[in-house]
2 protein chains.
Amino acid sequence: MLIQLSHGGGGGATAQLVQSVFAGRFKNPYLQRMEDSAVIDLNGPLAYTTDSFVITPLFFPGGDIGRLAIAGTVNDLLMMGARPRFLTAGFILEEGLAIADLERIAESMAQAAAEAGVELVAADTKVVEGKGGLYINTSGLGPIDSLHPVRANLAQPGDAILVSGPLGDHQACIMSQRMGIQNGIQSDVAPLNGPVRALLDQGLAVHCLRDATRGGLTTVLNELAATSGCAAELEEAAIPVRPETRALCEVLGLDPLTMANEGKFVAIVAAEAADQALDILKQCPQSAGACRIGTMTAGSGVILNTRIGGRRRLNIPWYEGLPRIC
Amino acid sequence: MLIQLSHGGGGGATAQLVQSVFAGRFKNPYLQRMEDSAVIDLNGPLAYTTDSFVITPLFFPGGDIGRLAIAGTVNDLLMMGARPRFLTAGFILEEGLAIADLERIAESMAQAAAEAGVELVAADTKVVEGKGGLYINTSGLGPIDSLHPVRANLAQPGDAILVSGPLGDHQACIMSQRMGIQNGIQSDVAPLNGPVRALLDQGLAVHCLRDATRGGLTTVLNELAATSGCAAELEEAAIPVRPETRALCEVLGLDPLTMANEGKFVAIVAAEAADQALDILKQCPQSAGACRIGTMTAGSGVILNTRIGGRRRLNIPWYEGLPRIC
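Source: prediction; values computed, not measured.

Draft legend 1. Structural view of helix α8 (residues 243-252) of chain A. All names here are of chain A. Listing the buried residues of α8 in full gives Thr245, Leu248 and Cys249. The buried side chains of α8 occupy one side of the element, clustering within an arc of 100 degrees when seen end-on. Relative to its buried face, α8 has exposed residues pointing more than 90 degrees away, namely Pro243, Glu250 and Val251. Here the buried face of α8 lies against α5 (169-179).

Below is the structure:
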């Protein structure tokens, strides 16, 4: 069974599709009311965000567009020190999409939502002409309840820079899939509630959090350094990259530090909290490979101290080179 | 200048596009922080909703996809008795879209947002291959502060059924555009804050509100009747339809009662409040053509008392017949 334009018409065919694909998988009192909006109860301050997901292929080792659409928005809320609670989803289906694939994606979303402790409270489905593809937009909402504020402008000289694990796997996985390379690289796509909330709930002096998605570590650190008015100084030898991802990068001439991740984040923490933060991260399965990779300093930009003793500036790439990576 | 895949890469090209097209038009402290999420302050209960917009053509008499994306989500919040406050927007741009068109759409969104009193607090832009099209997803949030609860299941036998003005114009406009017919029909797309808040702020006993979008009046009333466990009985002669829209429907064999509107709503109000509600609606420019069109009764479904003295049941259309109408 394939998606047809009539599935997006808003009449009986749409209702039947929603009932058979989504209703059973996202069962909660919010959705069941079938109103124009969900009614939720939250008190501010709240983090509120949105992201669209257009990745190809729809399914890849380690995940799929559905898991990505949940994790991406949940992680954006976490990075503000929020506790993710509610999501909305907008599906734009292309005619010709297999309904079995849509069901698999809905199932994966439901699992990722359960993993992240969020509820999908409102959704919308449209159908357009096309070649069997699918886009998903999610928005997310959660109360900010971290003891200390977590903001992009709070990094200070002396702060430690931590990453939650090896870098570049998501992009390396998607590139390998598109090129038909069998190398076993899996996307790291995951909601990061475990490690982020472990840091925040301990009341550690976490100054900035940022997930290293499009543009990778280099882009994130340039943004945090610029916003905070200081520099990030990194030790190349300390930055974790899996051997198979490094091998792919060497063959293709890519830099793992500008490659997209979907389950890794950067934490900038007060120097005195760095050891404890690293210990906490290493105890969470999703950040078992966490490392301290550098220090914030006076100055500007991102500087890499290379393995061979050089120093070089890392700039935001003009274009990260891979469309439809998320 | 046309959109290229590099505009969606998340690097410098994306930043430049966002800066030149969106930043000046949606200036507010929430967006300016450039964080992963906006931080907003609201206290529950809140209405929370999402919708995607895939209409073609992008520009049409009376509006464009940008105005539609604001009005559609704002109206869904209003229909729950909420005061719309914050929106997010996710843009999926197809390669080849003229940047001048994107600017025109962003401008129209900014105007519609100002008209509706909402702020766009978070946004995302992706670029995909394609033929120069554009999809927009919006989500919206606002506190529910109506004196009486407004819900789909609160209609009762005896309640009056009001519509805020003539039906079918949005769909008639889009169909005319696609067929190249010059008939002057304009879409009614508009945020409905004016009339809806006028009703709610007067504390009138409004039981249900629903905007008559895809599937039109027939679909809305079937849903409200089923959810409330009663019937809707309509007087055909009382239902307002503009002559030019009626003429198009007659030529094409269409039913204005199943056609989509984007600036009209149905209000089901207690019998004793009906006259005052109608007076209030008639005083608002966006609902100057409001009419009482029928009464909720015991029973089920939607019954039309026709002009020529017949009675017939109006069923939800299986497929409303026009893809990409919103």
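Having seen it, we continue.
Draft legend 2. Structural context of the interface of chain B and chain A. Of the residues lining the interface, 68 residues belong to chain B; the matching set on chain A comes to 68 residues. Summing the contributions of chain B and of chain A, the shared interface buries around 5,500 Å²; its carbon and sulfur component is 55%. Linking chain B to chain A there are 10 salt bridges. Ranked by residue count, the leading element in the side of chain B that touches chain A is strand β6 (residues 119-128) of chain B, at eight residues. Looking at the side of chain B that touches chain A residue by residue, the class counts come to 35 nonpolar, 19 polar and 14 charged. Two elements, strand β1 (residues 38-40) of chain A and strand β2 (residues 46-53) of chain B, share three bridges in a ladder whose sense is antiparallel. Each bridged residue has a counterpart across the sheet, and for Val39(A) the counterpart in β2(B) is Ala47(B).

Draft legend 3. Up close: the sheet that holds β1(A). Within the open sheet, the five strands sit side by side as β1(A)-β2(B)-β7(B)-β5(B)-β6(B). Their pairing is mixed. Sheet topology places β1 of chain A together with β6 of chain B at the edges, where each strand pairs with a single neighbour. Pairwise comparison of adjacent strand axes, ignoring direction, gives a mean angle of 15 degrees for this sheet. In terms of strand pairing, strand β5 (residues 86-94) of chain B meets β6(B) through nine bridges, oriented parallel. Along β6(B), the bridge assignment pairs Leu93(B) with Val127(B). The strands touched by helix α4 (residues 99-116) of chain B are β5 and β7 (134-143) of chain B; relative to β7(B), the strand with the most contacts, the crossing angle is about 15 degrees.

Draft legend 4. Seen up close, the packing of aromatic side chains. Under the criterion given, the structure shown has six aromatic pairs over all chains. Ring plane angle 75 degrees and centroid distance 5.3 Å describe the contact between Tyr30(A) and Phe86(A), whose orientation is recorded as edge-to-face. Of this pair, Tyr30(A) sits in helix α2 (residues 29-32) while Phe86(A) sits in strand β5 (residues 86-94); the two residues are 56 residues apart in sequence, bridging distant segments of the chain. Above the ring of Phe53(A), the side-chain terminus of Lys126(B) is found at 5.7 Å from the ring centroid.

Draft legend 5. Quick peek at the side chain of Lys126(A). One can find Lys126(A) in strand β6 (residues 119-128). A relative accessible area of 3% places Lys126(A) in the buried class. Sequence-distant contacts of Lys126(A), that is, excluding residues within four places in its chain, are made with Phe91(A), Ile92(A), Leu93(A), Asp51(B), Ser52(B), Val54(B), Arg214(B) and Cys326(B).

Criteria and thresholds
Residue indices begin from 1 for each chain and proceed along its sequence in written order. Note on labels: chains are lettered from A, ligands numbered from 1, in written order. Local features are withheld for residues below a pLDDT of 70 in this predicted model, meaning they are given only at 70 or higher, and side-chain atom pairs are given and counted only at 80 or more; totals for whole chains, interfaces and linings count all residues. To obtain the side-chain values, all non-hydrogen atoms of the structure were included, while hydrogens and water were left out. Each residue is assigned to one of three classes by its accessible area relative to the maximum for its type, calculated with a 1.4 Å probe on protein chains only: buried under 20%, partly exposed between the two thresholds, exposed over 50%. Secondary structure counts use DSSP, requiring at least four H or I residues in a row for a helix and at least two E residues in a row for a strand, with both numbered from the N terminus. Relevant arc is that of directions from the helix axis to the C-beta atoms, nothing else. Contacts: residue pairs with any heavy atoms within 4.5 Å of one another. Buried surface area refers to the total accessible area, computed with a probe of radius 1.4 Å, that the two partners give up upon joining, counted for both partners together. For salt bridges, the criterion is a side-chain nitrogen of Lys or Arg within 4 Å of an Asp or Glu carboxyl oxygen. Three classes are used, and their members are as follows: Ala, Val, Leu, Ile, Met, Phe, Trp, Tyr, Cys and Pro are nonpolar, Asp, Glu, Lys and Arg are charged, and the others, Gly among them, are polar. At least two DSSP bridges between two strands are needed for those strands to be called paired. Orientation is described by axes fitted as lines to C-alpha atoms, over the contacting stretch for helices, and by angles from 0 to 180 degrees between their N-to-C directions. When two rings of Phe, Tyr or Trp (its six-membered ring) have centres within 6.5 Å they constitute a pair, described as stacked for plane angles under 30 degrees, edge-to-face for angles over 60, and tilted for the intermediate range. Whether a charge lies above a ring is judged from NZ of Lys or CZ of Arg, which has to be within 6 Å of the ring centre and within 35 degrees of the ring normal.

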